[in-house]
Amino acid sequence: MRRAPLLQLLRAYSPFDDTDAACRNRFAAFVSAHPDCFERSLAVGHVTGSAWIVDATGTRVLLTHHRKLGIWVQPGGHADGENDLVSVALREAVEETGLADLVPAFDGIFDLDIHGIPARGDTPAHEHFDVRFAFRCTGAEDYVVSAESHDLAWVALDELEGRTREPSMLRMREKWLGLATAAG
């Protein structure tokens, strides 16, 4: 079963709180119920992969000002049939930022999010079941703005609210800071 690796990652994921646990359970139910969950042709929603990218010091995160959504978020995108979500997240991160030296910050899922995407053209409103992985930039931090973004910016974690108030972005910051404190 192509979904088995993702379901295994979901079982291994340690939720941040009760809301995160409920998200994980809903996510697992969605993946279990939809053999085509990795295809954007699944009209009700589909699995996506994204990257929380921090600098070498772990004190700044790279955000993209998403062209279609008009908000600051982490890089990411559609799985388009790929069931290796780490590869999806890394592919999207490289495509959207031009950064070459990204390494996983740790094994496993960093965060999960289910969010609505508004209707656009012939595409109806649907949900993205987003699997997020943390990466550290170990080389040059010079990024390249892709056609999918208005802009990119390295943002100090303590200044994140200056760019976004998206709850999932603030949650990822708290998770990152908690992991950094635990590892430190």
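The model shown is predicted, which means the values in this text are computed figures rather than measured ones.

As a further point, take the overall build of the protein chain. Looking only at helices and strands, the protein chain features 4 helices and 8 strands. When the helices and strands of the protein chain are read in sequence order from the N terminus, they spell out α-α-β-β-β-β-α-β-β-β-β-α. Its C-alpha radius of gyration of 16 Å places the protein chain within 12% of the 16 Å reference for a compact globule of 184 residues. Counting only C-alpha atoms, the protein chain reaches 40 × 40 × 30 Å along its principal axes. Per-residue burial for the protein chain yields a buried fraction of 46% across its 184 residues.

Counting 32 residues, the largest nonpolar core has Leu6, Phe27, Val31, Val47, Ile53, Leu85 and Val131 as the members making the most contacts within it. Sorting the residues of this core by element identifies α1 (4-12), α2 (18-33), β1 (45-54), α3 (85-97), β6 (111-117), β7 (126-137) and β8 (149-156) as the ones contributing at least two each. No other element matches the 5 residues that β7 contributes to this core. Setting aside its immediate chain neighbours within four residues, Phe27 contacts Leu6, Leu10, Val47, Leu112, Asp113, Ile114, Phe129, Asp130 and Val131. Grouped together as the second largest cluster of nonpolar side chains are 15 residues, Trp52, Val54, Leu157 and Leu160 included.

Here the focus is the pairing of β8. Judged by how many residues are buried, β8 sits mostly within the fold: 6 of 8 residues are covered. Where strand β2 (residues 60-66) lies against β8, 7 bridges are found, and the strand directions are antiparallel. Residue pairing in the sheet places Arg60 in a bridge with Ala156 of β8.

This part covers α1. Of all the residues in α1, the buried ones are Leu6, Leu7 and Leu10. Projected onto a plane normal to the axis of α1, the buried residues spread over an arc of 100 degrees and lie on a single side. Projecting away from the buried face of α1 at angles above 90 degrees are the exposed residues Gln8, Arg11 and Ala12. If you follow the buried residues of α1, they end up packed against α2, β1, α3, β6 and β7.

Attention now moves to the environment of Gly108. Mapped onto the elements of the fold, Gly108 is located in the loop between β5 (102-104) and β6. Placed 94 residues apart in sequence, Gly108 and Ser14 show a C-alpha to C-alpha distance of 9.5 Å. Residues in contact with Gly108, not counting those within four places in the same chain, are Leu9 and Phe133.

In a regular helix each residue adds 1.5 Å, so 13 residues correspond to 18 Å; α3 covers 18 Å between its end C-alpha atoms and thus fits that length. Within α3 the residues assigned to the buried category are Leu85, Val88, Ala89, Glu92, Ala93, Glu96 and Thr97. Along the long axis of α3, the arc covered by the buried residues comes to 130 degrees, so they all point the same way. Near the N-terminus of α3, the side chain that reaches the backbone nitrogen of Val86, with its oxygen 3.3 Å away, is that of Asp84. Among the residues trailing α3, Gly98 stands out with phi positive, at a value near 75 degrees.

A separate point is the side chain of His128. Summarising the element assignment, His128 is placed in strand β7. Polar contacts involving the side chain of His128 include one to the side chain of His126, which spans 3.3 Å.

Which parts of space are left empty comes out when a probe the size of a water molecule is rolled across the atoms. In this model, the largest pocket occupies a volume close to 880 Å³. Surrounding the largest pocket, 38 residues form its lining, His66, Leu69, His78, Ile117 and His128 being those nearest its centre. Elements with a minimum of two residues in the lining of the largest pocket: β1, β2, β4 (76-78), α3, β6, β7 and α4 (167-183). Tallied by class, the residues present in the lining of the largest pocket amount to 10 nonpolar, 16 polar and 12 charged.

Calculation notes
- Residues numbered from 1 in each chain as written.
- Predicted model: local features only at pLDDT ≥ 70, side-chain atom pairs only at ≥ 80, totals over all residues.
- Heavy atoms only, no water.
- Helix = DSSP H or I, 4+ residues; strand = E, 2+ residues; numbered from the N terminus.
- Rg over C-alpha atoms; globule rule 2.2 N^0.38 Å.
- Buried < 20%, exposed > 50% of the residue type's maximum accessible area, 1.4 Å probe, protein only.
- Core = buried A, V, L, I, M, F, W, Y, C linked by side-chain atoms within 4.5 Å.
- Contact = heavy atoms within 4.5 Å.
- Pairing = 2+ DSSP bridges.
- Arc of directions from axis to C-beta.
- Expected span 1.5 Å × (residues − 1).
- Polar contact = N/O pair within 3.5 Å; in protein donor to acceptor, adjacent residues only side chain to side chain.
- 1 Å grid on protein atoms, 1.4 Å probe; cavity = no way out; pocket = protein on both sides within 12 Å on 5 of 7 lines; lining within 4 Å.
- Points joined across faces, edges and corners; volume = space filled by probe spheres on them.
- Nonpolar A, V, L, I, M, F, W, Y, C, P; charged D, E, K, R; others polar.

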